[in-house]
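# Coordinates in review
The chain contents come next:
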Amino acid sequence: MTATTLDPNTALVVVDLQKGIVDLPTAHSSADVVAKSATLADAFRAKGLPVVLVRVTGGAPGRTEGAQRSGQPAADWADIVAELGPRDGDIVVTKQQWGAFYGTDLDLQLRRRGVTQVVVTGIATSIGVESTARSAHEHGYHVTVVTDAVTDMDGGAHTNSIEKIFPRLGETDTTEAIVKLLG
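To start, this report covers the structure provided alongside it.

Rules behind the numbers
Residues numbered from 1 in each chain as written. Predicted model: local features only at pLDDT ≥ 70, side-chain atom pairs only at ≥ 80, totals over all residues. Heavy atoms only, no water. Axes fitted to C-alpha atoms, helices over the stretch in contact; angles between N-to-C directions. Helix = DSSP H or I, 4+ residues; strand = E, 2+ residues; numbered from the N terminus. Parallel < 35°, antiparallel > 145°, perpendicular 65-115°, else oblique. Contact = heavy atoms within 4.5 Å. Nonpolar A, V, L, I, M, F, W, Y, C, P; charged D, E, K, R; others polar. Core = buried A, V, L, I, M, F, W, Y, C linked by side-chain atoms within 4.5 Å. Buried < 20%, exposed > 50% of the residue type's maximum accessible area, 1.4 Å probe, protein only. Pairing = 2+ DSSP bridges. Right-handed = clockwise from strand over helix to strand, strands pointing away.

### A closer look at the packing of helix α2 (residues 30-46) against helix α6 (residues 175-182)
It is the contact of α2 with α6, at a shortest axis distance of 10 Å, that shows an interaxial angle of 5°. Judged by the inter-axis angle, α2 sits roughly parallel to α6. Mapping the contact onto sequence places Lys36, Thr39, Leu40, Ala43 and Phe44 in α2 and Thr175, Ile178, Val179 and Leu182 in α6. Considered class by class, the residues forming the contact of α2 with α6 number six nonpolar, two polar and one charged.

### Thoughts on the nonpolar core
Judged by nonpolar contacts, the single largest core of 30 residues is most densely connected at Leu12, Leu17, Phe44, Leu84, Val119, Ile123 and Ile178. Mapped by element, the contributors of at least two residues to this core are β1 (10-15), α1 (19-22), α2, β2 (51-56), β4 (117-123), β5 (142-151) and α6. The dominant element in this core, judged by the number of residues it contributes, is α2, at seven residues. Apart from the residues within four sequence positions on either side, leucine 17 is in contact with Val22, Val33, Val34, Ser37, Val54, Ile80, Val81, Leu84, Gly122 and Ile123.

### Quick word on the pairing of β5
Among the 10 residues that make up β5, seven are buried, leaving the element largely enclosed by the rest of the structure. Pairing of β4 with β5, which is carried by six bridges, proceeds in the parallel orientation. Residue pairing for β5: isoleucine 123 is matched across the bridge by threonine 151. For the segment spanning β4, helix α4 (residues 125-138) and β5, crossover handedness is right-handed. In this sheet, strand β6 (residues 171-173) lies alongside β5 in parallel orientation, the contact comprising three bridges. Across the sheet, valine 146 pairs through a bridge with aspartate 173, a residue of β6. Between the parallel pair β5 and β6, the chain is carried across by helix α5 (residues 155-169), and the sense of this crossover is right-handed.

### A short note on the sheet that holds β6
Strands in a sheet are paired, the pairing made by backbone hydrogen bonds, and the direction either parallel or antiparallel. Read from one edge to the other, the open sheet built from six strands follows the order β3-β2-β1-β4-β5-β6, with strand pairing classed as parallel. This sheet does not close on itself; its edge strands, each paired only once, are β3 (91-95) and β6. The average angle at which neighbouring strand axes cross in this sheet is 25°, direction not considered. Packing against the sheet, α5 makes contact with β5 and β6, and its axis sits at approximately 165° to β5.

### Here we look at the pairing of β2
Along any regular strand the residues' side chains alternate between the sheet's two faces. Here β2 lies mainly inside the structure; five of its six residues are buried. In this structure, β1 lies alongside β2, joined through four bridges in parallel fashion. Opposite valine 13, over in β2, you have valine 52 as the bridge partner. The pairing of β2 with β3 spans five bridges and is parallel. Residue pairing in the sheet places valine 54 in a bridge with valine 93 of β3.

### Regarding the environment of histidine 142
Considering the arrangement of structural elements, one finds histidine 142 in strand β5. Through-space distance from the C-alpha of histidine 142 to that of threonine 116 is 6.3 Å; in sequence the pair is 26 residues apart. With residues near it in sequence (within four places) discarded, histidine 142 still touches Asp7, Thr116, Gln117 and Val118.

### With respect to the packing of α4 against α5
Remark: α4 packs on α5, axes separated minimally by 10 Å, with the N-to-C direction vectors making an angle of 5°. Regarding the angle of α4 to α5, the classification is roughly parallel. Residue-level contacts link Thr125, Ser126, Val129, Glu130, Ala133, Arg134 and His137 of α4 to Ala157, His158, Ser161, Ile162, Ile165, Phe166, Arg168 and Leu169 of α5. Residue composition of the contact of α4 with α5, grouped by class: seven nonpolar, five polar and three charged.

Treat this as a map of the structure, not an account of what it does.
This is the structure in structure tokens:
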């Protein structure tokens, strides 16, 4: 679905574009995802709209069958990549699980600013981005996912999120189209 409009109080939510994640092997170039997210962040900042930079520093407790990280991450693992900031006025959210809403003050930060829509970018499409988009939808925000500013470690999972999940949560479009809607 093509994005039709952006609400006057729309926030950009950039998920997990941090040093330890952008260095992982991904289905699409993480450098492109960072560059397109930075383009969007600059456009949102120029319009005086909120930019939220989300980073993950831990994981939710509980047993899973999936592989767990082993060893100590690098000291700068959770640092937001330099291309994105943070810049003055940006909101930085630190999460301990996949989505950016649960266990954080993201909803409070957005509601205080009158935000009614979120535009979401980041890594990984089927994990942090999808969890954040689902929760935003459940919290009543209009959701737009920027399809050329997300990627995943698993190409099939990425495609499933883009084609099957995101259209049920809101709208999708490209970086260029979102910048154009910003005016």
